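Next come the chains, spelled out residue by residue.
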Amino acid sequence: MYMFPYSNREDEGVQSDHLSGGQGGERRVYLWNITGDSCWRGALLQWCPAPDRCKEGRRRRVSGVLVIVHNKVNLTLKMTADNEIELKEAFHRAQKGHNNKAKLVASLKSRYNKLEDKTLFHEEFVHYLKYAMIVYKREPAVENVIDFVAKFAASFQPAPNTEDEQQQEEEEEEEDEDDHPFLSFIFNFLLESHKANSHAVRFRACQLINKLLGSMAENAQIDDDLFDRIHQAMLVRVTDKFPNVRIQAALAMTRLQQPKDPDCPTINAYMLILENDSNAEVRRAVLSCVAMSPQTLPKVLKRTRDIKENVRKLAYQVLAEKVHIKALTIAQRVGLVQQGLHDTSESVREVVCSRLLPAWLLRLDGNVIELLHRLDVENCAETAMETLKAIFKTMPTEELLQNRGLLDNRKVIPEDSMTCENVLYWRALCEFLKSKGYDGEETLEQVLPDAATYAGYLCGFLKAVPVLTEEQRADFNQLELVMTKEFISQQLIHLIGCLDTNEEGGRKRVLAVLQEMLALPQTPSSLVSLLTEKLLALIPDDQRRIQTVAEIISDVREPITEASQPVDENMSRRQQVQLAEVKVRIMEAKQALEDSIAAQDFSRAAELKDSIAGLENHRNQVLQEIAQSNQAVDKEVHIEKNDPETLLRCLTMCAELLKQMNIKTRTGPTISALMSSLILPCIANAHPAVRNMAVVCLGTCTLHSKELAKTHLVLLLQIAQLDEVKIRISALRAIIDLLLLFGFQLLSETASTQTTQPTQSPDKQQADATTAEDKGDAPEDIAQSILVMFSEFLDSEVSDLRTETAEGLAKLMYMGRISSAKMLSRLVLLWYNPVTEDDGCLRHCLGVFFQLYACESRSHQEVVEESFLPTVRTLLNAPATSPLAEVDINNVVELLVELTRPSVLIKPSANTEVSVHDYLAVRMCGEMLKDPTAPEVRLYAKTLSNLELSREETTREDLTTLLQQLVQEVKDRVCLRALEKMLHQLVDSKEQAEVLSASALQPLDVNADEAATEDPSKSAKRPKRGQRKACTAKGGRKPSRKAESSEESDGENVPESVPAVRPSRRAKTAALEKTKLDLNPLINQEANVS
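Residues numbered from 1 in each chain as written. Predicted model: local features only at pLDDT ≥ 70, side-chain atom pairs only at ≥ 80, totals over all residues. Heavy atoms only, no water.

Considering helix 31 (residues 669–683)
For the record, the criterion: Starting at the N terminus, helices and strands are each numbered in turn, a helix being any DSSP run of H or I of at least four residues and a strand any DSSP run of E of at least two. One fewer than the residue count of a helix, multiplied by 1.5 Å, yields its expected span. For a residue, the bend is simply the angle between two axes, fitted respectively to the seven-residue segment ending there and the seven-residue segment starting there. The cut-offs for exposure are 20% and 50% of the maximum accessible area for each residue type, with area from a 1.4 Å probe on protein chains only; residues under the lower value are buried, those over the upper are exposed, and the others partly exposed.
In a regular helix each residue adds 1.5 Å, so 15 residues correspond to 21 Å; helix 31 covers 20 Å between its end C-alpha atoms and thus fits that length. At Met-675, helix 31 shows its largest kink, close to 45°. Listed in full, the buried residues belonging to helix 31 are Ile-671, Leu-674, Met-675, Leu-678, Ile-679, Cys-682 and Ile-683.

Printed below as a string of structure tokens:
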């Protein structure tokens, strides 16, 4: 016996979402015999004898139960009349949804248990079941019958044992019996029916198997042989041609999965379907029932990037319900949130916000800080911010203040308890409350202090950020600590935008702190740009901004230092000698004074006393001079610093200033001084980071002055071709920005200032650019050199440079600065090139550009039309070793045709007489006439039938003439059929008769076989690896471009009628009742046949 290892009771609710129903067939009774002497024939279910006994399509079987003559059926049952009525009545009642199916099942089961011979009951039961199984459309009556059959068959499944383990083991040893006879019979019947020619029977067989297995208990057991048979049959049906059959087969295998087995065939089939099935509903069905395991999780994650919105939505729902957040890696979590919150579909974003994030929070006990820890906020701060804001939108105000305990009485987080997670949470909460405007002001005041208090708090924390030496940078722990401090500092600086700076004192305090932090050499370089941004945000006037930043740059690069002068030793020696002489003379004078007093020569004594006083004054002067000379003299000196760190800090502030300035603000003396003293000298700096920032500053500064742009454009062109990749990309961006702002007229003016040779107009430059590319000669004009440089960058092996060039060309073409069919052809080929398959940014940019460019104006569509033939020729002539050889040409042609449809224009052109498709048709006809035997003639002929041609008579006459010539020269049958179709569209019946009589077309019956074998849906090759399905523009009118559904993909669509006046509700209800299918007339009709 086999016990189901996996049970999913939720698949019943998913089926109605996945299936939209099929289309019913004829309301006739078709029977098939389940015995061994019968076979299947035809598209519908028909019974006929075994092939070796078929004679004239008529056979009579006397010994059996069935007596069949053509379509007439006689049933002879060895049962009572009550039994027959009971079974028939059960099927009649089962069709009505309001009947209690549990009572119906119990009554029929009671009748079944009383029978001694079950065989006739089995055959009659299957007989009535066949009426429902031949109906493909999801009729309510048929669905009710299917549900009734599933419940009745599942009622024979024994109830699960509730005894202890020993008794269960004993019963398993004693009871070695098979499944219930009716259950085995119905399974055998369905497994033999799954190979029927009719897709309706295959669909109903898989649906019944799915419902039977789903109705069983969670620990139900079935026979191993039956398990293997069901498994093999469903593995075959998941590859069925019809999506509805594949859906039911996939759902039927839900309980046959073995997630712990790495080689489980069911899981392998599921993963194959998720990767390769072209029908979105089939992929959704598999997503709803696949078991989560390390093997299947990557496939489910990949479906979050599915092309269909419903598949992506269900993938997020499955991940929210079945996958724990701890089962995902940090990269997977971040990727899910980032892609989900930025999805183009509103419903997908809603599922991420309302299902995925709450499920993660629930598994983390509602701890938002722990959720941030799981997302690694240091490396993915923006994603974490978006996640928090999405969570805050679903929270009431009271819950938002639950984590207010993180703040102290100053309404700030204490420095000793700061972490990356709680600081980011604080910032996100404040920004969310700030975005609510007046409604969030009161709440914001409870979680954020005033501006002056916060400025002091920020200043203290920034000054405490340590500065590592070269030796300390080698220590990973020290480096990690500093990086954490810098991240916290960034979040605190961001919080400045939430402060109330309307009060003058608080705003001045914040400005003073920001200026002080920018001037401090200990401030980390990673904070300079953010500090400058917040500083400029508080200063509204551009001139004041320039002056403030220039002063800070001057203080950083030329700080004021006090320099001391060294003591002169010779001067000090002379002063000591002089002091000694004075001291000797004083001593001599004092001795003479004593002698004079002793000799009572008082006049002499008076003179000596005056002399001694003068000598002492002189001695004091000498001592003062000596003291002054011994003290070092400190002077304020400006020393210019040119180390890479200082230059990079100054350039960063300058770049942020130029970025925040109004584009209309012209450069003044201060900016000119910065250009000459800082930016231009750093262009030649040896440090790459300094050069890159200098190029950014130069490119931004030239946007404010056309004169500067003309002066330094050549320098930017040289940098874009000669420097490192990162610097080349910065120069390329600057060049593209200049061309977008000033146009190619700037190049002409630049050339006129550098050479006396007259230049060409911009239009002439653009026209000659392609010629210069073909010849490969050095271009003489700057415009030509720029376009040649762009063309070379498109072929670069550096993906970043290639992507930036393609994005720049797309901008220039969309804004009308460039109008080049050859350049557009290069972009189309680059988009389809398998080399760029992994470059998601490039593919996304070009995919959006093509649609917007073609929809903008008719002139853009004309450029697309001109690029049609060069693009196709390039693909046709691509060598086998080229990656372009793998591109599907039909796909490319389909894209270009859709882009040039007149119906996709946002503003239709006033010239409605001749459409772009008219010119395209003439070009293709001319190309076919050059070589009617070329292989691409079939491609052009097929494309002609997909064009939207105008009703202009002259154009139609020209096309008719060209088609007549083609009809006489082209010999390929498929091409002739396509050309004939075009003639039917262009000429009326009389002219068509004349054209056909004069043409060399083959008779229609000769082409009948070719028409039968030719399937337009199969003629296009399946895209190989590295190819992309063409994204058709909105508004396409191709009949094959319909909304995808499981019913439409079956190929049995009923053409929609022309919409009429909307009927009333009562009329719609009556019409709906008329369209409901009832099996009773069919059953009664056969019962009356004898």
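Overview of empty space enclosed by the protein
Convention followed: Residues are called lining when one of their atoms sits within 4 Å of a cavity or pocket point, these points coming from a 1 Å grid over the protein atoms alone, where a cavity is a set in which a 1.4 Å probe fits but cannot get out and a pocket is an open set with protein on both sides within 12 Å along at least five of seven lines. Grid points are joined across faces, edges and corners, and a volume is the space filled by probe spheres set on the points. Three classes are used: nonpolar for Ala, Val, Leu, Ile, Met, Phe, Trp, Tyr, Cys and Pro, charged for Asp, Glu, Lys and Arg, and polar for all others, with Gly counted as polar.
Inspection of the entire model under this criterion finds two cavities of 30 Å³ or more. Of the pockets and cavities examined, the largest cavity occupies roughly 70 Å³. Leu-400, Leu-401, Asn-403, Arg-404, Leu-406, Leu-407, Ile-413, Tyr-425, Trp-426, Leu-429 and Val-447 together form the lining of the largest cavity. The biggest single contributor to the lining of the largest cavity is helix 20 (residues 420–435), with three residues. Partitioned by chemical class, the residues of the lining of the largest cavity number nine nonpolar, one polar and one charged. Lining the second largest cavity are Tyr-454, Ala-455, Leu-458, Ile-496, Leu-499, Val-510, Val-513 and Leu-514. Its residues assigned to classes, the lining of the second largest cavity comprises eight nonpolar, no polar and no charged.

Quick word on the packing of helix 28 (residues 569–598) against helix 29 (residues 602–630)
Inclusion rule: Where helices are involved, their axes are fitted lines through C-alpha atoms of the stretch in contact, as for all axes, and angles between N-to-C directions lie from 0 to 180°. Note that the term roughly parallel is reserved for angles under 35 degrees, roughly antiparallel for angles over 145, roughly perpendicular for angles of 65 to 115, and oblique for everything else. Take the far helix as the reference: if the near one is turned anticlockwise from it by less than a right angle, the crossing is left-handed, and if turned clockwise, right-handed.
At a minimum axis separation of 9 Å, helix 28 and helix 29 run at an interaxial angle of 160°. Relative to helix 29, the element helix 28 is oriented roughly antiparallel. Classified by chirality, the crossing of helix 29 by helix 28 is left-handed.

Some points on the pattern of salt bridges
Put simply, the test is: Any carboxyl oxygen of Asp or Glu that lies within 4 Å of a side-chain nitrogen of Lys or Arg is treated as forming a salt bridge with it.
As enumerated under the stated definition, the model contains 38 salt bridges in all. Here Lys-302 and Glu-275 are joined by a salt bridge, their closest N and O atoms 3.2 Å apart. Linking Lys-302 in helix 13 (residues 297–302) with Glu-275 in helix 11 (residues 265–276), this pair joins segments that are 27 residues apart in sequence. For Lys-302, a relative accessible area of 35% puts it in the partly exposed group. Judged by relative accessible area, which is 29%, Glu-275 ranks as partly exposed. Arg-312 serves as the salt-bridge partner of Asp-343, at 2.9 Å between the closest nitrogen and oxygen.

Quick look at the nonpolar core
Test applied: The definition of a nonpolar core used throughout is a set of buried Ala, Val, Leu, Ile, Met, Phe, Trp, Tyr and Cys residues joined through side-chain atoms within 4.5 Å. Two residues qualify as a contact provided that any one of their heavy atoms is within 4.5 Å of a heavy atom in the partner residue.
Judged by nonpolar contacts, the single largest core of 282 residues is most densely connected at Phe-125, Ile-230, Trp-360, Trp-426, Leu-492, Phe-790 and Leu-944. Once residues lying within four places of it in the same chain are set aside, the contact partners of Trp-360 are Ile-325, Leu-328, Arg-333, Leu-336, Val-337, Leu-371 and Leu-375.

Some details on the packing of helix 45 (residues 936–944) against helix 47 (residues 973–986)
Working note: a packed helix pair is described by the angle between its axes plus the distance between those axes. For the pair helix 45 and helix 47, the least separation of the axes is 8 Å and the interaxial angle reads 25°. By the criterion of interaxial angle, the relationship of helix 45 to helix 47 is roughly parallel. Seen from above, helix 45 lies across helix 47 with left-handed handedness. Contacts from Val-937, Arg-938, Ala-941, Lys-942 and Leu-944 of helix 45 reach helix 47 at Val-974, Cys-975, Ala-978, Leu-979 and Met-982.

A word on a negative patch on the surface
To keep things clear, this is the line we draw: Nonpolar side chains (Val, Leu, Ile, Met, Phe, Trp, Tyr) within 5 Å and like charges within 9 Å form the patches, drawn only from residues with over 30% relative accessible area and no salt bridge. Each accessible area is a Shrake-Rupley estimate made with a 1.4 Å probe; only the visible protein chains count as cover when residues are assessed. Residues counted as positive are Lys and Arg, residues counted as negative are Asp and Glu, and His and the chain ends are not counted. Taken as the charge location is NZ of Lys, CZ of Arg, CG of Asp or CD of Glu.
On the surface, a cluster of negative charge is contributed by Asp-439, Glu-441, Glu-442, Glu-445, Asp-450, Asp-500 and Glu-503. Along the polypeptide, Asp-450 turns up in the loop between helix 21 (441–445) and helix 22 (451–463). Given the relative accessible area of 44%, Asp-450 is considered partly exposed.

Structural notes on the confidence of the model for the protein chain
The test is simple: Per residue, pLDDT measures the predictor's confidence, with a range of 0 to 100.
Across the protein chain, the average pLDDT comes to 77, with 75% of residues at or above 70. The low-confidence segment residues 1–85 (pLDDT under 50) makes 196 contacts with residues lying over four places distant or belonging to another chain. Between residues 995–1063, whose pLDDT stays under 50, and residues either more than four places distant or in other chains, the model counts 108 contacts.

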